[in-house]
Amino acid sequence: MGKLVLEGISKRFGAVEVLKTVDLDVADGEFIVIVGPSGCGKSTLLRIIAGLSDQSTGKVLIGGRDVSSLPPSKRGIAMVFQSYALYPHLTVEGNLTLGLKQARTAASLIAERVAEAVRILALEPFLKRRPGELSGGQRQRVAIGRAIVRHPEVFLFDEPLSNLDAALRNQVRAEIADLHRRLGATMVYVTHDQVEAMTLADRIIVMNGGIVQQIGTPSELYRRPANAFVATFIGSPG
Ligand code: ADP
Ligand code: MG
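Residues numbered from 1 in each chain as written. Chains lettered and ligands numbered in written order. Predicted model: local features only at pLDDT ≥ 70, side-chain atom pairs only at ≥ 80, totals over all residues.

Novice: Please provide a residue-by-residue account of the sheet that holds strand β7 (residues 154-158), values included.
Specialist: Pairing in this open sheet of six strands is mixed, and the strands run β6-β7-β8-β3-β9-β10 from one edge to the other. What marks the edges here is a single partner per strand, and that holds for β6 (77-81) and β10 (211-216). Taking each pair of neighbouring strands and ignoring which way they run, the sheet shows an average axis angle of 15°. Relative to strand β8 (residues 186-191), β7 runs parallel, the two sharing five bridges. What sits directly across from F157, in β8, is Y189. (Pairing = 2+ DSSP bridges. Helix = DSSP H or I, 4+ residues; strand = E, 2+ residues; numbered from the N terminus. Axes fitted to C-alpha atoms, helices over the stretch in contact; angles between N-to-C directions.)

Novice: Could you give an account of the sheet that holds strand β2 (residues 16-26), naming the residues involved and the relevant values?
Specialist: Reading across from one edge, β2-β1-β4-β5 is the order of the four strands in this open sheet, with antiparallel pairing throughout. The strands lining the two open edges of the sheet, one partner per strand, are β2 and β5 (65-66). Here two bridges tie strand β4 (residues 57-62) to β5, and the two strands are oriented antiparallel to one another. Along β5, the bridge assignment pairs I62 with R65.

Novice: Quick rundown of the packing of helix α3 (residues 107-121) against helix α4 (residues 136-148)? Include the residues and the values.
Specialist: Contact geometry of α3 with α4 gives a least axis separation of 9 Å together with a crossing angle of 140°. The pairing of α3 with α4 is recorded here as oblique in orientation. α4 is crossed by α3, and the crossing has right-handed handedness. Residue-level inspection shows E116, A117, I120 and L121 of α3 in contact with α4, the latter providing R141, I144, G145 and I148. Grouping the constituent residues of the contact of α3 with α4 by class yields five nonpolar, one polar and two charged. (Parallel < 35°, antiparallel > 145°, perpendicular 65-115°, else oblique. Left-handed = near helix turned anticlockwise from the far one by under 90°. Contact = placed C-beta atoms within 7 Å. Nonpolar A, V, L, I, M, F, W, Y, C, P; charged D, E, K, R; others polar.)

Right, here's the structure in full:
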């Protein structure tokens with residue numbers, strides 16, 4: 001259902017090719033982490049999956065459907081950004097419900113979905129507050145809640161922990177891992193942090209310079225890095 005396939009995705013900005021033919025097959029329920037240094041094309045690839053940016057070549061298939069020319073709202077995805085991207089003038093409840101209201105979801109279903117997200121993320125105390133009254137960790141949990149209520153086939157995370165301090169980072173990371181166990185949803189998670197990649201991923205994609213260097217389980221990458229870049233980035237002994 002939440003299977004994600006990328007076929008020959010590439011992206012140019014003018015003369016600059018920032019993604020070079022990315023092929024990928026993500027199983028339903030798999031937790032994929034895309035890791036690589038700043039500027040290697042991670043966000044660009046995620047935005048193409050989400051439909052926030054057009055690919056130059058290739059196709060995106062979600063749940064067996066070619067979604068390449070569909071808008072983000074019709075792709076069965078939900079995205080969580082580093083910057084939270086909450087609406088500052090709306091309460092937490094308003095932020096959680098807005099997308100469903102815009103999609104003309106029945107009020108009873110909205111209530112059910114919000115109750116579920118509130119339970120999973122313990123958001124009850126914050127429902128009537130506005131984002132400005134919340135800590136970074138609380139804001140990011142609201143942003144994750146806003147993704148949950150949509151019941152997406154695929155969750156997309158773009159460096160969701162980068163704006164949090166170390167203690168909160170561990171806490172929200174554990175919450176995301178728990179969310180994956182509970183929902184069994186497909187997740188594609190971008191980070192430049194090897195530790196996040198090694199702890200969260202079923203499989204890791206290592207990128208550099210717009211090119212996929214290697215795809216494999218954390219232990220495969222650690223034990224059999226495909227090249228010196230992967231070895232150094234993952235921190236393999238040899
Ligand atoms: P990452 O998320 O891995 O840090 P990005 O996907 O944001 O990398 O960027 C990859 C490359 O594409 C970078 O060199 C960046 O400067 C370039 N880039 C990203 N967005 C644009 C854009 N809208 N126009 C031109 N170049 C861009
Ligand atoms: Mg990025």
